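# Geometric and topological summary
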Amino acid sequence: MSKERRRRLMEFFEKYDPAVQRVVKRVIEWEQRYLDSKRPRVKEEIREVIEEEVKRNDS
Amino acid sequence: MILETLRVKNFRQYYKEQKIAFSAGPKNVTVIRGSTGAGKTNLFSAINWCLYGDDAGLGTQGEIVNKKALAEAIKGSRVDAEVELRFRHTDSDGSEHSYVAVRSTRDDSLRLSRVTKKGLEELPNPILMLNTILPKDVRTYFFFDGEKIDDFAKPEHESQIKDAVYSVLQLEVLERGNAHLNSVADEYERELKKLDTGGVLEGLTKEKEQKADELKNAEEQLGRDRKELNSARDVVDEMDRELGKQRDVQGDAKRREQLENERSRIEDELEALFSTLRDLGSTGYSVLGLELLTKASDAINDKRQRGEIPAGIREQFVRDLLEKAKCICGREISNDGPERQTLLALLNRSMPSTIEDKILETSGLLLALRAKSQQRFEALVNLKKRKAALDDDLSRVTKEADDITAKLEGVAIQQVQILENKRRAAQSRANELFVSVGRSEQQIRDLENEIRDLNHRIQKTEGLEGKAQAVQKKLSLARQAGEAIEEVHERFAQVMRKRIEEETKRIFGMLVWKESQFTKVELTEDYRLVVLDRWGSPARPELSAGERQLLSLSFIIALSRVSEGSAPVVMDTPFGRLDTQPRENICRHIPELVNQVVLLVTGEELHGHTLEILKPKIGKRYFLDWQKSTGCTEIVSTEAQV
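Rules and cut-offs
- Residues numbered from 1 in each chain as written.
- Chains lettered and ligands numbered in written order.
- Predicted model: local features only at pLDDT ≥ 70, side-chain atom pairs only at ≥ 80, totals over all residues.
- Helix = DSSP H or I, 4+ residues; strand = E, 2+ residues; numbered from the N terminus.
- Buried ≥ 20, exposed ≤ 12 C-beta atoms within 10 Å, placed from the backbone.
- Contact = placed C-beta atoms within 7 Å.
- Pairing = 2+ DSSP bridges.
- Core = buried A, V, L, I, M, F, W, Y, C linked by C-beta atoms within 7 Å.
- Domains from an automatic or database assignment.
- Axes fitted to C-alpha atoms, helices over the stretch in contact; angles between N-to-C directions.
- Parallel < 35°, antiparallel > 145°, perpendicular 65-115°, else oblique.
- Left-handed = near helix turned anticlockwise from the far one by under 90°.
- Nonpolar A, V, L, I, M, F, W, Y, C, P; charged D, E, K, R; others polar.

## Some points on the overall build of chain A
- Along chain A, the regular secondary structure elements total three helices and zero strands.
- Listed by position from the N terminus, the elements making up chain A come as α-α-α.
- Relative to its full complement of 59 residues, chain A shows a buried share of 32%.

## Re the overall build of chain B
- Along the backbone of chain B there are 18 helices and 14 strands.
- Intrachain contacts of chain B at a sequence separation of at least 6 include 73% that bridge at least 24 residues.

## Overview of the pairing of strand β13 (residues 618-627) of chain B
Residue and element names in this part refer to chain B.
- Pairing between strand β3 (residues 29-33) and β13: five bridges, direction parallel. By the bridge assignment for β13, Thr-30 is matched with Lys-620.
- Inspection of the sheet shows β13 paired to strand β14 (residues 632-637) by six bridges, in the antiparallel sense. Residue pairing in the sheet places Trp-626 in a bridge with Thr-633 of β14.

## Things to note about unusual backbone geometry
Residue and element names in this part refer to chain B.
- The residue Arg-12 is not glycine, and still its phi comes out positive at about 50°.
- Along the chain, Arg-12 turns up in the loop between β1 (2-11) and β2 (14-21).
- The backbone of Ala-325 sits at a positive phi, close to 55°, despite the residue not being glycine.
- The topology assignment puts Ala-325 in the loop between α12 (315-324) and α13 (338-349).

## Points about the nonpolar core
- Within the largest apolar cluster, 86 residues are counted, with the highest numbers of intra-cluster contacts made by Ala-46, Ile-47, Leu-559 and Leu-599 of chain B.
- Mapped onto the domain boundaries, this core takes at least three residues apiece from domain 1 (1-134 + 570-642) and domain 2 (148-243 + 419-566) of chain B.
- The next biggest cluster of nonpolar side chains, apart from the first, holds 27 residues, and it includes Val-23 and Trp-30 of chain A together with Leu-475 and Ala-481 of chain B.

## Notes on the sheet that holds β1 of chain B
Residues and elements named next belong to chain B.
- Spatial ordering of the open sheet is given by β2-β1-β4-β5-β6-β7, a layout of six strands whose pairing is antiparallel. Each having just a single partner strand, β2 and β7 (119-122) make up the two edges of the open sheet. Strand-to-strand, the axes of this sheet are offset by a mean angle of 20°, without reference to chain direction.

## Quick notes on the environment of Ala-478 of chain B
- Mapped onto the fold, Ala-478 of chain B is located in helix α15 (residues 414-511).
- Residues Ala-478 of chain B and Ser-183 of chain B lie 295 residues apart in sequence; the distance between their C-alpha atoms is 9.1 Å.

## Examining the packing of α15 of chain B against helix α16 (residues 545-563) of chain B
Residues and elements named next belong to chain B.
- One way to put it is that α15 packs onto α16 with a least axis distance of 8 Å and a crossing angle of 130°. By the angle between their directions, the pair α15 and α16 is classed as oblique. Note on packing geometry: the crossing formed by α15 with α16 is right-handed. For the pair α15 and α16, the contacting residues are Met-496, Arg-499, Ile-500, Glu-503, Thr-504, Ile-507, Phe-508 and Leu-511 in the first and Leu-550, Leu-551, Leu-553, Ser-554, Phe-555, Ile-557, Ala-558, Leu-559, Arg-561 and Val-562 in the second.
- Each residue belonging to the contact of α15 with α16 can be placed in one class, and the counts come to 13 nonpolar, two polar and three charged.

## Looking at the sheet that holds β14 of chain B
Residue and element names in this part refer to chain B.
- With respect to topology, six strands assemble into an open sheet ordered β8-β11-β12-β3-β13-β14, the strand pairing being mixed. The open sheet terminates on both sides in strands that have one partner only, identified here as β8 (143-145) and β14. In this sheet, adjacent strand axes meet at a mean angle of 15° when their direction is disregarded.
- As paired elements, β3 and strand β12 (residues 597-601) share five bridges and run parallel to each other. Within β12, the position partnered with Thr-30 by the bridge is Val-598.
- In the packing of helix α1 (residues 40-52) onto the sheet, contacts are made with β3, β8, β11 (569-572), β12 and β13, and the angle to β11 comes to roughly 145°.

## Looking at the environment of Pro-26 of chain B
Residue and element names in this part refer to chain B.
- Residue placement: Pro-26 occurs in the loop between β2 and β3.
- For Pro-26, a count of 9 C-beta atoms within 10 Å corresponds to the exposed category.
- In the structure, Pro-26 is positioned 591 residues away from Lys-617 in sequence and 6.9 Å away in space, judged by C-alpha atoms.

## A word on the interface of chain B and chain A
- The partner chain A presents 31 residues to the 35 residues of chain B that form the contact.
- Looking at the side of chain B that touches chain A, the elements with two or more residues in it are α4 (126-133), α7 (171-195) and α15 of chain B.
- Counting residues per element, the side of chain B that touches chain A draws most heavily on α15 of chain B, which supplies 12 residues.
- For the side of chain B that touches chain A, the class distribution of residues is 14 nonpolar, 13 polar and eight charged.

## A word on the pairing of β3 of chain B
- For β3 of chain B, the tally of buried residues reaches five of five residues, placing the bulk of the element in the interior.
- Neither face of β3 of chain B is left uncovered, since the one carrying Val-29, Val-31 and Arg-33 of chain B and the one carrying Thr-30 and Ile-32 of chain B both have all their residues buried.

## Quick look at the packing of helix α2 (residues 18-33) of chain A against helix α3 (residues 43-58) of chain A
Residue and element names in this part refer to chain A.
- In contact at an axis separation of 10 Å, α2 and α3 are set at 160° when each is read in the N-to-C sense. Considered as vectors, α2 and α3 are oriented roughly antiparallel to each other. As for the relative orientation of α2 and α3, their crossing is right-handed in sense. Here Ala-19, Arg-22, Val-23, Arg-26, Val-27 and Trp-30 of α2 come into contact with α3, specifically with Glu-45, Ile-46, Val-49, Ile-50, Glu-53 and Asn-57.

All we've got here are geometric facts, nothing functional implied.
Following this line, the structure appears as structure tokens:
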């Protein structure tokens, strides 16, 4: 996904909480990388993204 | 993505190594001309095979390798086909890099490297990288057979159009993201259920507060009882002193005072003895297990004696003796002496040092436990004997004191009777209070134990609830992110659909020669590509094959522009079914609409005025020269002729 298209897409998320925006951005990056895979193993990565974000908010 | 060069080696009819450089920039068109069968489609396939392997649909490896090269190969030697594609790409961070993609029939795997100042840096996961450049499903909308693209414009091809929009705009990324976030959220929900304490913490805290109140009351009551007990005892002591002054009963009074002191001492000792018994009681399990400990220890000793487990000598100790050839007593251990044989026999019986360590450790532990249990058992027996002796003493002392009291009550002296009555009342009260104090002390001990236990349970529950809170936060964030993606997915798809519709309409207007006939193009909510005529009626069924091709091309170019993906458009035989006017329109407009165009054409497709229109935009031009004598094709640059 080009930088420009990603920017346009992320503009749609501007009304959401910054933590939600950060999670969405990273989830999209992971999904993009595994787009070719029929059974992408991205759940572990998504859990990590969410856990990091929760820790960041707690600290 | 901008294509730079394509190098083919022994690929299909391309014998040995041959190369094409693609044009980009203001002259962004590369024309590769060849007759039917000269190898246009195979060159088109080479790009697809290099990047996507089997998915290019080329068949077996044997069919990929050049037949002339195979025929010429020395028997037993291997010949491989290889394709290398160099391209530039602007990464998601905005930086532009050059890449080299290579695939060979040797291992049929894609090697993708980034060009750096130090040379080529091979990327560890080329497929993942390629997905961020031009995913497999998306490339079919950029690298296509011109004669087969009219599918989009045929009736009832909504699903294909929707697939194209979803693939090129990568809406699937959002769909998958939403699905995976929901799946992760479901996992968090299951974790949360396991951690649910059902409000136990609140109940435990309340119970603890209640017990703490009870403890406070018991302690206050104990303080009051002790104070009153001391007062009652003071009265008894005072009465004893007064009675001691009465000459007629002086002896008995003094004796009773002695007995009371003696009784007090015995009771104190009994109290201390009970306390020791309580402490021993809390470790009673080891006393109860004495028999088992003895059996276990005996079993190990028995096995050791039979040589089934090593003796209490460590393997390392035996090795040290053998190495030093000297016993710890100073005696020499000669090489052929019996001492050395004994030591070697010991060593042969030894087990791995870790097992030996464990056995030695267990034996030591059992011995220590057994000794401690024995000590406790003996202490219990002694305490029991002492208690029996104290009970006897207490009975004797109490009886003698009671006898004296009865005797003094019978003395017919008024003053003595008054003192004795006061003493009896005080003593009676002191006895009651003594019982009450004992009861309160026990109650306080029980309450303290209960509070300690509650604290432990509260601590454990707090840990669980703390974990539950953390999982709840993760669950909430995963759900929020999933919902956000779902909402945005719908809005983003709508906005993009409208933009594709506008672009398709604009481009179709440029390409079609009857632009006044077709006034409107719509991409409906259910992804139907609708063309309306000047009377507002759907005109798609009336479109000719060429017009359908133009509509499809317009849709693809619109997709490319809206997606901002900047992929090149590689068209194989694009003009076969088109008349002069639409051909000219394509040549006039397409180079302006996309970043890079590669046209694989026959001589009949691109000539005369059409070629003249395109010429200012052509940067590179090649001719595919199929040679009858070899059955192979040579790529010939015809730039000089442009």
